[in-house]
Amino acid sequence: LDTIQKKLNYISTRYPYESEILLIKMGNKFRNSVKRKTPDSGYESKRKLLKSYRVSKVQGAGKDLYVEFRSTSPHFHLVERGHKVVDKNGRDTGKRVQGKFMVEQTALEYQKAFPKEVEKMVDNLLRGLK
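Keep in mind that what you see is a predicted model, and the values were worked out from it rather than measured.

Q: I would appreciate a short explanation of the overall build of the protein chain in the present structure.
A: Scanning the protein chain from terminus to terminus reveals three helices and four strands. Along the protein chain, helices and strands appear, N-terminal first, in the series α-β-β-α-β-β-α. For the protein chain, whose C-alpha radius of gyration is 21 Å, the value lies well above the compact-globule estimate of 14 Å for 130 residues. Projecting the C-alpha coordinates of the protein chain onto the three principal axes gives extents of approximately 75 × 25 × 25 Å. Within the protein chain, buried positions represent 21% of all 130 residues. Across the protein chain, the fraction of contacts at a sequence separation of at least 24, relative to all contacts at a separation of at least 6, is 50%.

What follows is the structure, encoded as structure tokens:
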């Protein structure tokens, strides 16, 4: 029973640390993947979309750990979802710019990839018991 108790203690102490590392790693990979899909405007600006992506520190407690992804650029939602084209007076020209959906596409990819990464983390954690 002592060996089982030691193994359970090892898992219970290592799991929160390992899950935080995994969340940080996956958040950064997610951000880099979105950056690769983001179109470049071709000119330098103060609020460049490529430089605006942020991943928060790990938040929550226990089973409810998470990281947040966001963009600090004020025009991010226009590029992501698309928008109507208006003239300088604010009147609708009847044209529409299609959205690029960089974040949405990446999120769909990571819904498939994240469970595999969790399995790897748990396998590494269990490998440490031996």
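Structure shown, so let's carry the discussion forward.
Q: What is the right way to look at helix α1 (residues 2-37) in this model?
A: Every α-helical turn comprises 3.6 residues, leaving residues that sit three or four positions apart pointing alike. Taking 1.5 Å as the rise per residue, α1 with 36 residues should run 52 Å; its terminal C-alpha atoms sit 52 Å apart, in good agreement. Of all the bends in α1, the largest measures some 35 degrees and sits at Arg14, one to four residues before the proline Pro16. Taken together, the buried positions of α1 are Glu18, Ser19, Leu22, Leu23, Met26, Gly27, Phe30, Ser33 and Val34. Each element contacted by the buried residues of α1 is listed here: β1 (53-55), β2 (69-71) and α3 (102-127).

What counts and what doesn't
Residues numbered from 1 in each chain as written. Predicted model: local features only at pLDDT ≥ 70, side-chain atom pairs only at ≥ 80, totals over all residues. Heavy atoms only, no water. Helix = DSSP H or I, 4+ residues; strand = E, 2+ residues; numbered from the N terminus. Rg over C-alpha atoms; globule rule 2.2 N^0.38 Å. Buried < 20%, exposed > 50% of the residue type's maximum accessible area, 1.4 Å probe, protein only. Contact = heavy atoms within 4.5 Å. Expected span 1.5 Å × (residues − 1). Bend = angle between axes of the 7 residues up to and from the residue.

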